[in-house]
Amino acid sequence: DGGITQSPKYLFRKEGQNVTLSCEQNLNHDAMYWYRQDPGQGLRLIYYSQIVNDFQKGDIAEGYSVSREKKESFPLTVTSAQKNPTAFYLCASRGAKRGRTDTQYFGPGTRLTVL
Amino acid sequence: AQSVAQPEDQVNVAEGNPLTVKCTYSVSGNPYLFWYVQYPNRGLQFLLKYITGDNLVKGSYGFEAEFNKSQTSFHLKKPSALVSDSALYFCAVRDYGNNRLAFGKGNQVVVIP
């Protein structure tokens, strides 16, 4: 977990509200990722960014939005359009350039619960 | 498309016995393979990876994995399991040049004292 911080650790949201999950890394990594984890389903990619001011949709981007204004920060907004947002959200980052073999490292996660 | 299969939902092993967690993969090119471990309510911790070279890869906490190209497998092993090894284990793969990892569903390992 070292070098990647996520906040808050636990987040409660009322239906119809947007919430933003924070992810910060001090590893000087170019690429950052957001995953959603549900019991028995492994990790599913929401969005990823390979460079500042650029990002791509993953497999389950509907109802989510991101920004990448700074290299070290990749916040995720869970909008009211996301029908089932209760899950564990994981941020990851990876160094270097396309084709390199660098490892993805993960933050400690944020558990979001919709009340 | 790249994908990973972890065929067993849960692996039970007695403390001190060998531990094996199975993983098979599918990629169109040369695979880059990874194993991660996750403890409850925590992020994933990197254990080891195979990129090229020796088929037997050694990683953290006494874990190792063997790459088998003909069987498209990358099984995780530990010679003597500890109770503290009880956790969720994920295998992941990506093609050369691909920036995305494909994860398996994970295996719950339970080490019985």
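Residues numbered from 1 in each chain as written. Chains lettered and ligands numbered in written order. Predicted model: local features only at pLDDT ≥ 70, side-chain atom pairs only at ≥ 80, totals over all residues. Heavy atoms only, no water.

This part covers the interface of chain B and chain A. Contact residues are listed per partner, giving 22 residues for chain B and 29 residues for chain A. The largest share of the area that chain B buries against chain A comes from Asn41(B), Asn99(B) and Arg100(B), three residues that together contribute 33% of it. Applying the counting criterion to the chain B and chain A interface returns one salt bridge. The shortest N-O distance in the salt bridge between Asp59(A) and Arg100(B) comes to 2.8 Å. (Contact = heavy atoms within 4.5 Å. Buried area = accessible area lost by both parts, 1.4 Å probe. Salt bridge = Lys/Arg side-chain N within 4 Å of Asp/Glu carboxyl O.)

Okay, the nonpolar core next. Among soluble globular proteins, nonpolar side chains are generally buried collectively. All names here are of chain B. Membership of the largest hydrophobic core comes to 28 residues, with the highest contact counts inside it found for Leu19, Trp35, Leu47, Leu48, Phe74, Leu76 and Tyr89. When contributions to this core are tallied by element, the ones reaching two or more residues are strand E2 (10-14), strand E3 (19-21), strand E5 (31-38), strand E6 (44-50), strand E8 (64-68), strand E9 (73-78), strand E10 (87-95) and strand E12 (107-112). Counting residues per element, this core draws most heavily on E10, which supplies four residues. In contact with Leu19, not counting residues within four places along its chain, are Val11, Val13, Phe63, Leu76, Lys77, Lys78, Ala81 and Val109. (Core = buried A, V, L, I, M, F, W, Y, C linked by side-chain atoms within 4.5 Å. Buried < 20%, exposed > 50% of the residue type's maximum accessible area, 1.4 Å probe, protein only. Helix = DSSP H or I, 4+ residues; strand = E, 2+ residues; numbered from the N terminus.)

Following the criterion strictly, the structure yields 16 aromatic pairs over all chains and no others. Their ring planes at 40 degrees and their centres at 5.6 Å tell us that Tyr35(A) and Phe106(A) sit as a pair that is tilted. Of this pair, Tyr35(A) sits in strand E4 (residues 31-37) while Phe106(A) is found in strand E10 (residues 104-106), placing the two residues 71 residues apart along the sequence. Take Tyr35(A) and Phe106(A): they sit in the same class, and that class is buried. Taken together, the ring pairs in this structure connect Tyr33(A), Tyr35(A), Tyr48(A), Tyr105(A), Phe106(A), Tyr36(B), Phe46(B), Phe90(B) and Phe103(B) into an aromatic cluster. One Lys or Arg, Arg68(A), reaches over the ring of Phe74(A) and ends 6.0 Å from the middle of that ring. (Phe/Tyr/Trp six-rings, centres within 6.5 Å; stacked < 30°, edge-to-face > 60°. Lys NZ or Arg CZ within 6 Å of the ring centre and 35° of its normal.)

Tracing the chain through its elements places Val19(A) in strand E3 (residues 19-25). Residues Val19(A) and Leu76(A), 57 residues apart in the sequence, show an inter-C-alpha distance of 8.3 Å.

This part is about the pairing of E4(A). Residues and elements named next belong to chain A. With seven of its seven residues buried, E4 lies for the most part within the structure. The side-chain alternation of E4 yields two buried faces, one formed by Ala31, Tyr33, Tyr35 and Gln37 and the other by Met32, Trp34 and Arg36. Sheet analysis places E4 next to strand E9 (residues 87-94), joined by seven bridges and oriented antiparallel. Directly across from Tyr35, in E9, lies its bridge partner Leu90. Summarising the sheet, E4 and strand E5 (residues 43-51) pair through six bridges and their orientation is antiparallel. Bridge pairing links Trp34 to Tyr47 in E5. Hairpin connection from E4 to E5: five residues lie between these consecutive antiparallel strands, with Gly40 at a positive phi of about 75 degrees. (Pairing = 2+ DSSP bridges.)

What follows covers the sheet that holds strand E1 (residues 4-7) of chain A. What holds strands together in a sheet is hydrogen bonding between their backbones, with the strands either parallel or antiparallel. Residues and elements named next belong to chain A. Spatial ordering of the open sheet is given by E1-E3-E8-E7, a layout of four strands whose pairing is antiparallel. Two strands close off the open sheet at either side, each with one partner strand: E1 and strand E7 (64-66). For this sheet, the mean inter-axis angle between neighbouring strands, taken without regard to orientation, is 20 degrees. Direction of pairing for E7 relative to strand E8 (residues 76-78): antiparallel, over a ladder of three bridges. By the bridge assignment for E8, Ser65 is matched with Thr77. (Axes fitted to C-alpha atoms, helices over the stretch in contact; angles between N-to-C directions.)

The peptide bond linking Ser7(A) to Pro8(A) adopts the cis configuration, its omega dihedral lying at -10 degrees. The topology assignment puts Pro8(A) in the loop between E1 and strand E2 (10-13). Not every positive phi belongs to a glycine, and Asn28(A) is a case in point at roughly 60 degrees. Structurally, the position occupied by Asn28(A) is in the loop between E3 and E4. A relative accessible area of 57% means that Asn28(A) is categorised as exposed. You will see that Thr72(B), though not glycine, has its phi angle at about 45 degrees, which is positive.

Geometric values such as these leave the question of function open.
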